[in-house]
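Chain residues, written in single-letter form:
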Amino acid sequence: MSRVRPTHPLVALSSAAVIAVYSAGYLKTRAAAAKFSDAPAMRRPAHVSASGSVVAPPTEHDLAPVVKSAPAAAAPAVIKVRTKKHAATTESAAQSSNLTAIAVVPQKPDTHEPPAPAAAPDRPAVDVAAATPVTIAAPPPEPAADTAAKSLWHDGTYSGWGSSRHGDIQATIVIESGRITSARISQCLTRYSCSWIAHLQGQVVDRQSADVDYVSGATQSSNAFYGAIVDALSKATK
Amino acid sequence: MGTFVTIDVVGPIGAPAPSDARDAAIEQAFDWFRQVEACCSRFDPDSELRRLTRTVGEPVRVSEMLWRALEFACAIADETGGAFDPAIGGAMTARGFTRHYQTGAESPHDAATIGATFRDVHFDHTRRTVTLGRPLLLDLGAVAKGLAIDLAAHDLTPWGNFAIDAGGDLYFGGHTANGEPWRCGVRHPRRPETLAGTLLVSDRAVCTSGDYERRAPDGGPGHHLVDARTGRSADALISATVLADSAILADALATAAFVLGPSDAIALFARTGVEGMVMDEDLHVVSSPGWSDALLPHA
């Protein structure tokens with residue numbers, strides 16, 4: 001059933017390029033990791049290099065320039081907007097998050113239909129029609145406070161701000177009976193219209209979380225909206 | 001690159017992970033973007049790329065990163081018959097794209113570089129040196145970001161489930177926290193209220209080239225994507241999106257597709273085994289045969 005087609009040279013070249021560069025740079029990434037891990041000497045690295053665990057000695061080819069640790073005044077090219085650290089969820093949060101996983105149907109925020117299973121490639125067979133949790137194993141709760149426990153939202157109206165290089169967005173959410181009943185962009189201060197991300201508002205309600213879709217071509221605004229919702233939800237948990 | 005980068009690490013489903021190890025992996029992943037920028041930036045005068053272009057007619061030893069990025073960019077140029085060309089700096093500069101669109105840094109307008117092509121870049125595979133046959137300005141923008149994404153993805157692969165978003169070019173590893181494929185909407189180039197589609201993605205990259213990202217400073221219609229064969233802005237398409245196994249491939253092919261126009265773009269997708277979609281000025285969409293299978297069905 002699967003087609004066998006010779007790999008185009010560009011495809012092979014792209015794979016080879018990434019692996020070669022990664023291997024050559026492994027020495028540098030280990031140094032970067034050491035800055036941030038608590039016990040750099042003893043701890044296993046968080047990743048395994050493509051060339052195995054042996055650190056490759058620097059070669060003559062490794063003439064990559066010193067990475068500039070530029071201060072903010074030099075306008076660094078890369079700025080972290082958000083890192084989402086997903087802690088293993090508690091059981092109650094897992095239930096509500098799994099309900100939202102089943103409930104995602106765009107433009108129909110009041111339904112809880114399962115998504116069409118045929119669209120998902122290479123997924124393990126999961127009975128999405130059931131109301132049971134979709135996660136594969138019940139994870140033990142993680143002590144870290146990374147994730148706001150969804151069951152602890154207090155009723156009320158909350159606003160939060162998120163930022164992007166195109167400007168800021170304020171989002172306002174309404175919590176009723178512990179659930180998000182509305183989420184909207186209350187102030188759009190971005191250079192580009194917020195109508196590009198208007199569809200994300202319904203996703204917050206559908207999913208009962210800030211985890212809205214990425215939008216290729218409008219990620220700055222979607223990230224700002226995500227940040228605004230996170231900010232608003234943090235106020236709802238206080 | 002001048003890009004905001006977002007990294008989202010879900011981690012293995014069902015297993016708790018110490019958050020500091022995850023933070024270390026994320027920092028490592030981010031670091032690749034800084035490294036790629038330092039190596040491949042057309043605007044930073046101290047980048048390795050700029051230092052290379054200051055030496056004409058003599059072999060220059062380059063880093064593995066610059067070698068691979070340049071080699072790949074030239075291979076894409078060859079595949080597209082020169083429509084996509086990293087040696088486009090001269091033509092871009094002439095149209096006013098001299099400033100880094102975030103930092104405002106200038107790059108020199110060297111008239112001597114106009115007319116240079118990727119064929120003026122000579123690779124010595126034995127000595128690992130690059131020799132520029134004539135003055136030229138190199139732009140690795142279509143390759144560098146994708147490369148950085150793939151390098152970051154390599155660091156995050158042990159974590160199973162993650163997403164990397166580098167200003168609209170993305171790589172998705174594994175699944176979301178809910179065990180589903182990642183969902184990636186593709187912005188409609190003209191209609192703010194709609195998406196051109198939503199992709200279901202796992203262990204693949206999504207890259208989009210479009211005319212809405214950067215406008216030409218000379219005020220004219222058009223953008224930074226130029227058909228190197230003519231020197232003019234590629235205008236047959238307003239958007240091209242590629243879904244591929246790696247971001248370096250998706251990034252380069254989306255850019256190449258944009259300058260090739262619809263039928264050549266679809267043929268390129270077929271030859272390289274990727275899925276893709278292009279949209280023309282009339283909002284007419286042409287896509288590869290497997291594209292619709294990758295989409296979330298419309299409600």
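In the block above lies the structure referred to throughout.
This report concerns the structure included in the present document.

What counts and what doesn't
- Residues numbered from 1 in each chain as written.
- Chains lettered and ligands numbered in written order.
- Predicted model: local features only at pLDDT ≥ 70, side-chain atom pairs only at ≥ 80, totals over all residues.
- Heavy atoms only, no water.
- Axes fitted to C-alpha atoms, helices over the stretch in contact; angles between N-to-C directions.
- Helix = DSSP H or I, 4+ residues; strand = E, 2+ residues; numbered from the N terminus.
- Parallel < 35°, antiparallel > 145°, perpendicular 65-115°, else oblique.
- Left-handed = near helix turned anticlockwise from the far one by under 90°.
- Contact = heavy atoms within 4.5 Å.
- Nonpolar A, V, L, I, M, F, W, Y, C, P; charged D, E, K, R; others polar.
- Buried < 20%, exposed > 50% of the residue type's maximum accessible area, 1.4 Å probe, protein only.
- Salt bridge = Lys/Arg side-chain N within 4 Å of Asp/Glu carboxyl O.
- Pairing = 2+ DSSP bridges.
- Phe/Tyr/Trp six-rings, centres within 6.5 Å; stacked < 30°, edge-to-face > 60°.
- Disulfide = S-S within 2.5 Å.

Quick look at the packing of helix 3 (residues 64–79) of chain B against helix 5 (residues 141–156) of chain B
Residues and elements named next belong to chain B.
- At a minimum axis distance of 10 Å, the contact between helix 3 and helix 5 shows a crossing angle of 125°. Between helix 3 and helix 5, the crossing angle belongs to the class labelled oblique. Helix 5 is crossed by helix 3, and the crossing has right-handed handedness. Taken together, the residues of helix 5 that come into contact with helix 3 (itself represented by M65, A69, F72 and A73) are V143, L147 and L151.
- For the contact of helix 3 with helix 5, the residue count by class is seven nonpolar, no polar and no charged.

Here's the deal with the environment of A:I229
Residues and elements named next belong to chain A.
- One can find I229 in helix 4 (residues 219–236).
- Looking at I229, the relative accessible area reads 0%, which means it is buried.
- I229 sits 70 residues away from S159 along the chain, and the two C-alpha atoms are 7.8 Å apart.
- In contact with I229, not counting residues within four places along its chain, are A171, I173, A183, V204 and A210.

Some remarks on the pattern of salt bridges
Residues and elements named next belong to chain B.
- What the rule picks out here adds up to ten salt bridges over all chains.
- Where R42 meets D139, a salt bridge forms, and the shortest distance between an N and an O atom there is 3.4 Å. Linking R42 in the loop between helix 1 (19–40) and helix 2 (48–53) with D139 in the loop between strand 4 (129–132) and helix 5, this pair joins segments that are 97 residues apart in sequence.
- By relative accessible area, which is 5% here, R42 ends up buried.
- E79 is the partner of R271 in a salt bridge, and the nearest nitrogen-oxygen pair spans 2.6 Å. Within this pair, whereas R271 is found in helix 7 (residues 262–272), its partner E79 is found in helix 3, the two being separated by 192 residues in sequence.
- Connected through salt bridges with shared partners, the residues E64, R68 and R128 form a single ionic network.

A few points about the sheet that holds strand 3 (residues 121–124) of chain B
All names here are of chain B.
- Strand order in the open sheet formed by three strands is 2-4-3, and the pairing between neighbours is antiparallel. Here the strands that pair on one side only, and so sit at the sheet edges, are strand 2 (59–61) and strand 3. Within this sheet the neighbouring strands show an average axis-to-axis angle of 30°, counted without direction.
- As judged from the four bridges shared by strand 3 and strand 4, these two strands associate in the antiparallel manner. Pairing of D124 across the sheet is with T129, part of strand 4.
- In the packing of helix 3 onto the sheet, the strands contacted are strand 3 and strand 4, and the crossing angle to strand 3 comes to about 125°.

Notes on the packing of aromatic side chains
- Tallied over the full model, the rule gives six aromatic pairs over all chains.
- Members of the aromatic cluster, connected to one another through ring pairs, are A:Y214, B:F172 and B:W182.

Digging into the pairing of strand 7 (residues 182–187) of chain B
- Here strand 7 of chain B lies mainly inside the structure; six of its six residues are buried.
- Of the two faces of strand 7 of chain B, the one carrying B:W182, B:C184 and B:V186 and the one carrying B:R183, B:G185 and B:R187 are both buried.
- Sheet topology note: the strand 5 (residues 214–216) of chain A/strand 7 of chain B ladder contains three bridges and is parallel. Its bridge partner lying in strand 7 of chain B, A:Y214 is registered against B:C184.
- As judged from the six bridges shared by strand 7 of chain B and strand 8 (residues 195–201) of chain B, these two strands associate in the antiparallel manner. When the sheet's bridge partners are listed, B:R183 is paired in strand 8 of chain B with B:L200.

Comments concerning the state of the cysteines
- Evaluation of the coordinates by the stated rule reveals one disulfide over all chains.
- Here A:C188 is linked by a disulfide to A:C194, with a sulfur-sulfur distance of 2.2 Å. Taking the sign of the torsion about the S-S bond as the criterion, the disulfide between A:C188 and A:C194, at about 90°, is right-handed.
- On the accessibility criterion, A:C188 (34% relative accessible area) is partly exposed.
- The thiol of B:C40 is unpaired, and the distance to the nearest cysteine sulfur, on B:C39, comes to 3.6 Å.
- Residue classification places B:C40 among the buried positions, given a relative accessible area of 5%.

Just distances and angles here, no functional claims.
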